[in-house]
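Analysis of the macromolecular model
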Amino acid sequence: MNGLNTSTSEEFILLGFSDRPWLELPLFVVFLVSYILTIFGNLAIILVSHLDPKLHTPMYFFLTNLSLLDLCYTTSTVPQMLVNIRSARKVISYGGCVAQLFIFLALGSTECLLLAVMSFDRFVAICRPLHYSVIMHQRLCLQLAAASWISGFGNSVLQSTWTLQLPLCGHKEVDHFFCEVPALLKLSCVDTTANEAELFFISVLFLLLPLMLILISYAFIVQAVLRIQSAEGRRKAFGTCGSHLIVVSLFYGTAIYMYLQPPSPASKDRGKMVSLFYGIITPMLNPLIYTLRNKDVKGAFKRLI
């Protein structure tokens, strides 16, 4: 490659908030606690969904995929961040930077599509309840999940390749906590307008289009729920969708802010915090949101205990 090949034997410096050393200890504690909660929370959902026969449904199949994704998502960045925060040399190898870039981008793209698939599942469950088991059969669920994962990793291959081909001209300081496309584009010593346009276009495909499908699905869901005569039925329908809507709002809101906002030097630190939110805080909150608001999952935990 002509891009980062000048730095293949070197290390990159991840600046993070190194200009504010008083933030390092609080951030280390927040990251460590968030990572531990993410690991245990998502593992618990995977185990309980697998072990309890009552949760062998499409909804929990997709939720298991989301939990597995969040486990890998945070593990690709947080351990390195914890090491760098407590280290005087805040570095990452070239290979580690490439791996972070590829995995983080692949799993983030996959989550965009998976959340849209989960909204389709809720749409069928509420708007077509009598045909739910016929429509959402096991083969379709596997195909939808596989399409999400394959599309996410395919997008990562393209974007990572285009980003890594940019020449750095000796620049090694990444003004971020981890290797992410917007931060690496700033290292290039050539015009990155084409790369930024490509990133914007793909972000529209993976963020705005799935979000539009989710909003359309929930417009039909709200109409169907309001036609339910029973107050208990309406409450249960809104309850099963409420958790998903909260997760969608947290993930898409922060990701759209990061990838679809014009670059601005004034919002540099704000962009770092937003990246940390959708890269660390959201995967930690997902299991809490789904368990605290879901009677089926709480009941399954009680039965297993």
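Naming follows an unreviewed UniProt entry, where the protein appears as Olfactory receptor of Crocuta crocuta. We quote the UniProt Subcellular location (unreviewed entry) comment for the protein here in full: "Cell membrane".

1. Overview of the overall build of the protein
When helices and strands are counted, the protein shows eleven helices and three strands. In the protein, which comprises 305 residues, the share counted as buried stands at 50%. Summarising the internal contacts of the protein: among those between residues at least 6 apart in sequence, 80% fall at separations of at least 24. Surface accessibility of the protein: about 14,700 Å² in total, with carbon and sulfur atoms responsible for 69%.

2. Concerning the packing of aromatic side chains
If you walk through the whole model with that rule in mind, you get ten aromatic pairs. For the ring pair phenylalanine 12 and tyrosine 94, a centre distance of 6.4 Å and an interplane angle of 35 degrees mean the geometry is tilted. Remark: tyrosine 94 occurs in helix H4 (residues 94-127) and phenylalanine 12 occurs in strand S1 (residues 11-14); sequence separation between them is 82 residues. Judged on exposure class, the residue phenylalanine 12 and its partner tyrosine 94 are both buried. Ring geometry for phenylalanine 104 and phenylalanine 178: centres 4.7 Å apart, planes at 50 degrees, overall tilted. Here phenylalanine 178 lies in the loop between strand S3 (173-174) and helix H7 (181-185) and phenylalanine 104 lies in helix H4, a separation of 74 residues in the sequence. For the pair phenylalanine 104 and phenylalanine 178, a shared accessibility class is recorded, and that class is buried. Taken together, the ring pairs connect Tyr73, Phe104 and Phe178 into an aromatic cluster.

3. Quick notes on the state of the cysteines
Tallied over the entire structure, the rule returns one disulfide. The disulfide partner of cysteine 97 is cysteine 179, and the gap between their sulfur atoms is 2.0 Å. Across the S-S bond linking cysteine 97 and cysteine 179, the dihedral sits near -115 degrees, which makes this disulfide left-handed. In this pair, cysteine 97 sits in helix H4 while cysteine 179 sits in the loop between S3 and H7, placing the two residues 82 residues apart along the sequence. Since its relative accessible area comes to 1%, cysteine 179 is described here as buried.

4. Here we look at helix H8 (residues 193-226)
The terminal C-alpha atoms of H8, which comprises 34 residues, lie 48 Å apart, in line with the 50 Å expected from a rise of 1.5 Å per residue. The sharpest bend along H8 comes to roughly 30 degrees, located at valine 204.

5. As for helix H11 (residues 295-304)
Of all the residues in H11, the buried ones are Val297, Gly299 and Ala300. Projected down its long axis, H11 carries its buried residues within an arc of 160 degrees, all on one side. In H11, the exposed residues that point more than 90 degrees away from the buried face are Lys295 and Lys302.

6. Observations regarding the nonpolar core
Phe12, Phe31, Phe62, Leu115, Phe177, Ile221 and Tyr252 are the most contacted members of the largest nonpolar core, which totals 81 residues. With 16 residues, the top contributor of residues to this core is H4.

7. Some remarks on empty space enclosed by the protein
Which parts of space are left empty comes out when a probe the size of a water molecule is rolled across the atoms. By the definition in use, this model includes three cavities of 30 Å³ or more. In this structure, the largest cavity encloses a volume near 200 Å³. Residue lining of the largest cavity: 17 residues in total, with Leu105, Gly108, Ser109, Cys112 and Tyr259 positioned closest to the centre. Secondary-structure elements contributing two or more residues to the lining of the largest cavity are H4, helix H6 (138-164), H8 and helix H9 (231-259). Partitioned by chemical class, the residues of the lining of the largest cavity number twelve nonpolar, five polar and no charged. Of the volumes computed, that of the second largest cavity is approximately 100 Å³. Taken together, 13 residues line the second largest cavity, and the ones lying closest to its centre are Leu15, Gly16, Ile85, Lys90 and Phe177. Looking at the lining of the second largest cavity element by element, the count peaks at three residues for helix H3 (residues 78-85). Taken together, the residues of the lining of the second largest cavity break down into seven nonpolar, four polar and two charged.

Conventions and cut-offs
- Residues numbered from 1 in each chain as written.
- Predicted model: local features only at pLDDT ≥ 70, side-chain atom pairs only at ≥ 80, totals over all residues.
- Heavy atoms only, no water.
- UniProt positions renumbered as here; feature names shortened; annotations may be inferred.
- Helix = DSSP H or I, 4+ residues; strand = E, 2+ residues; numbered from the N terminus.
- Buried < 20%, exposed > 50% of the residue type's maximum accessible area, 1.4 Å probe, protein only.
- Contact = heavy atoms within 4.5 Å.
- Areas by Shrake-Rupley, 256 points an atom, 1.4 Å probe, with all protein chains shown as cover.
- Phe/Tyr/Trp six-rings, centres within 6.5 Å; stacked < 30°, edge-to-face > 60°.
- Disulfide = S-S within 2.5 Å.
- Expected span 1.5 Å × (residues − 1).
- Bend = angle between axes of the 7 residues up to and from the residue.
- Arc of directions from axis to C-beta.
- Core = buried A, V, L, I, M, F, W, Y, C linked by side-chain atoms within 4.5 Å.
- 1 Å grid on protein atoms, 1.4 Å probe; cavity = no way out; pocket = protein on both sides within 12 Å on 5 of 7 lines; lining within 4 Å.
- Points joined across faces, edges and corners; volume = space filled by probe spheres on them.
- Nonpolar A, V, L, I, M, F, W, Y, C, P; charged D, E, K, R; others polar.

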